[in-house]
Each structure stands twice: as C-alpha cells, then as structure tokens.
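Okay, here's what each chain looks like letter by letter:
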Amino acid sequence: MIDEPAVMRTYARYPVTLVRGEGLRVWDDAGRSYLDLIGGLGTLSLGHCHPEWVEAVERAARTIGMTSNLVATVPQAVLADRLAALVPIEDARVFFCNSGAEANEALLKLVRKHALREGRPAIVVLDGSFHGRTVATLAATGQPSKRAPFEPLVDWFRFVPPGDLAALDEALAPGDVGAVFLEPVLGEGGVVPLSIGYLRGVRERCDAAGALLAVDEVQAGAGRVGEWLSISLAGVRPDVASLAKALGGGLPIGALVSPAELSFEPGEHASTFGGGPVPCAAALSVLDVIERDGLLGSVRSMGALLRREVERLVPAGSLREIRGRGLLMGFEVAEDLDATTVVHGLRERGVLASTAGTGVVRFTPPFTIDAGEVDVAAKALAEALAEAAA
Ligand code: PLP
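Residues numbered from 1 in each chain as written. Predicted model: local features only at pLDDT ≥ 70, side-chain atom pairs only at ≥ 80, totals over all residues. Heavy atoms only, no water.

Tallying each qualifying case throughout the model produces 26 salt bridges. Salt-bridge contacts for E4 lead to R9; the nearest nitrogen and oxygen are separated by 3.6 Å. For E4, a relative accessible area of 18% translates into the label buried. For R9, a relative accessible area of 55% puts it in the exposed group. Salt-bridge contacts for D293 lead to R292; the nearest nitrogen and oxygen are separated by 2.7 Å. One salt-bridge network, in which partners are shared between bridges, spans R320, E321, R323, E332 and E335. (Salt bridge = Lys/Arg side-chain N within 4 Å of Asp/Glu carboxyl O. Buried < 20%, exposed > 50% of the residue type's maximum accessible area, 1.4 Å probe, protein only.)

Burial runs high along strand β12 (residues 254-259): six of the six residues are buried. Of the two faces of β12, the one holding G254, L256 and S258 and the one holding A255, V257 and P259 are both buried throughout. Here six bridges tie strand β4 (residues 92-97) to β12, and the two strands are oriented antiparallel to one another. Paired with R93 across the strands is S258, a residue of β12. Sheet topology places strand β11 (residues 240-243) next to β12; three bridges connect them, and they run antiparallel. The residue of β12 that forms the bridge with S242 is L256. (Helix = DSSP H or I, 4+ residues; strand = E, 2+ residues; numbered from the N terminus. Pairing = 2+ DSSP bridges.)

Next up on the list: the sheet that holds strand β7 (residues 177-182). The sheet built from seven strands is open, its strands ordered β4-β12-β11-β10-β7-β5-β6 with mixed pairing. Unpaired on one side and paired on the other, β4 and β6 (157-160) mark the two borders of the sheet. Each strand of the sheet is rotated relative to its neighbour by a mean of 20°, with strand direction disregarded. Relative to strand β10 (residues 212-216), β7 is paired through four bridges, and the arrangement is parallel. Following the sheet pairing, F181 is matched in β10 by A214. Those strands touched by helix α3 (residues 74-86) are β4, β11 and β12, and its axis lies near 130° from that of β4. Packing of helix α4 (residues 100-117) onto the sheet brings it into contact with β4, β5 (122-126), β6, β7, β10, β11 and β12, and relative to β11 it is tilted by some 165°. (Axes fitted to C-alpha atoms, helices over the stretch in contact; angles between N-to-C directions. Contact = heavy atoms within 4.5 Å.)

As structure tokens, then:
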C-alpha cells in the first residue's frame, strides 16, 4: 500500500491501493484482483476503461483543449440536446458543472430565485437526505451530524420525514414553500427508495401549492435504476433535476436540467470548467453505449437477479432488509451485525463494496455487470454475513 501522509483524511480509506482496472475487475499494487461493486461510488457506469469511453475521451483530448464557456463547443451542444430529450422535462435547458454538489448548488440557486420571485421562499427537504458538501447543499442535507460543525448554514430549508405525506402537508400549510427538493431513492442515507404513492402524493401537493418539485438524481439518475431519472419509476415528472455520477462514466460532470422559463440569465450562475469538451464527450459515449447495448434493461434485470440471489443465499436472519432499485442496492444488516465488518469480509473475499447510512452495505456496480459477476457478489455477501454472524 502506498504511504500518503500529505493526503487530507476526509475519507476512512480501505487499506488498498488500486493500480489498474478493466470492466468490473480491479487490481491492487500487490497484484491482487477484486470485483469492484463500488464502481467509483456510482460514477463508473460502463466499468473501468470501457474501450468506447476511452476512445471518446482520447479523441476529445486530442481534438481541442479547454475552451471556456465564452464559446460554444460541439460536445457540449450535442450532450445538452441529448439530455434535454432524455429527461421528462418540457422545453428543457441544461447547465453543466463538475460534480453532484455543484449541480445541486445550481439547482438550489435556481429554485430559490423562482421561490423568492413567487413570494414563497422556503424549500422543503427530507430528513436522512444527502445533497452534497458545499454550504447550501449541506444545509439541505437531512443529516444533522454532517451539518453541525458548520452551523449556522443557509436557512432556506424546512425538513420533513421521508414517506410522510401528512408531515409534508403540515410543512406546506403556511403557504410559503416555493419548492420541494428530494432524492427519489435516498442514497447516502441508506439506499431508501421512496414509494410510488409518496412520490405521486408529493407531485400532487406541489401542484396544489404552486411549488416546484426538484429532484436530486445525482446518485440514482443517469440509468442507475434502469431509467434516466429514478423518479420515472413512479411515473412522476419533476420540474427540475440534477444529474452527475454515472453520467460521466468516471470523468467529473454534473448537470442541472430545468425548463427554459426558469433558466438562469447570463451572469447569474457559471462554471469555468463546466461542460468542457472532454467530460462532455465522455458523457456522450456513456449515453451512446447505454442506448446501443440496452443497458437500462440490463440494469433492471441484473438488479433483480442480484436481489433474488442474495435472498436465496444469505443466512436467515443476517439481513433486516434488502432495498434499492436497479443497480443501486442496499443490504441492511441485522441489528447485532456491523456493516463495516461485512464490507471488510467482502474485501477479504475479493469484492469491493461501500456502506451507506447506518448498517447498510451498498453495491453500486457498473451497468455492464453480468450474471456471473452477480453470482460472485451474492455468494461473497452471503459468506461475509455468515462470518460476521459467527
Ligand atoms: N447528491 C446525492 C444524491 C449524492 O449521492 C451525492 C454524492 O454522493 C451528491 C449529491 C454529491 O455529489 P458529489 O460528491 O459529486 O459532489
């Protein structure tokens, strides 16, 4: 393992230094190979070094350098068109940035501006949510321990428990709410999909209250659950959406998608790096491969297979719940078990996974995972759970 004394310790790192990857396989500096179910924390939609993604990135890097947003580029224009067509938002406009937090920061500024104009400045957000580490996105994050060291933060937000329409009614009752902002599948909060009934209820209430429904699709969007937006699983159309992670296939890109009428005016928001030719070309290759290879269907079928295999193989009583949609899967371990111990056990069996929320083992593999790899993952999880319980 490489020594890295100069790296700031913002993550509790695994004792592994990875040096190479191909598909779902990665190798460490001692030559050991792992099945990578972290997938760059959900960013690696096509796996490591997918040939078409590599070719698109290389070609873009050879063609032109960074341009600035003072001029147009072909990859950005084409990607914006593609996203506007894929996402169920009418007459959509796209703003590009470099991460999930930045996409949400832009989204929050956009909806706040609209909300202020409408005289309803409050934004409703969910307990247990995660929207990023910048100041406004952290303020919107429903995890008090993450906010506490930095408070007071931005005071735009009113928190409600997820899944509780009566609580939402109460939050909307004063008539001062301009937007509801939520993750249709809470990711970092422990992989908690919101029910179809709840999401439809939120849409109805937003319509009745004249509030925007804004969705954080950073983790669950861009194909991760087998739809371009995870809220589409509930048949609900949002007003505004943010995307990042899987969109770039490993290069940093975030996107805010909103109707033309809500767009920022020139000078209201910007990003120097946002929408550069290389990350846009990478994202275009991700969309191309997903469409050409029918990967949205595969995400759904491999996600379902993973769930079935885990249900079949894991020792009785070792899991409290299996949650998730598509290839955003969370396995909540029994109360007397520790998710970090299970993740350690997986690593010893050559499988890399992450934790989410409290007591949840999370898999966010590339969309290219196949049935054999699902089998390896489910068997390793069953063994790691059995070992943790022993
Ligand atoms: N929103 C959601 C739902 C996320 O899961 C994350 C990251 O995990 C973010 C926002 C922040 O994204 P980033 O780490 O790219 O800033």
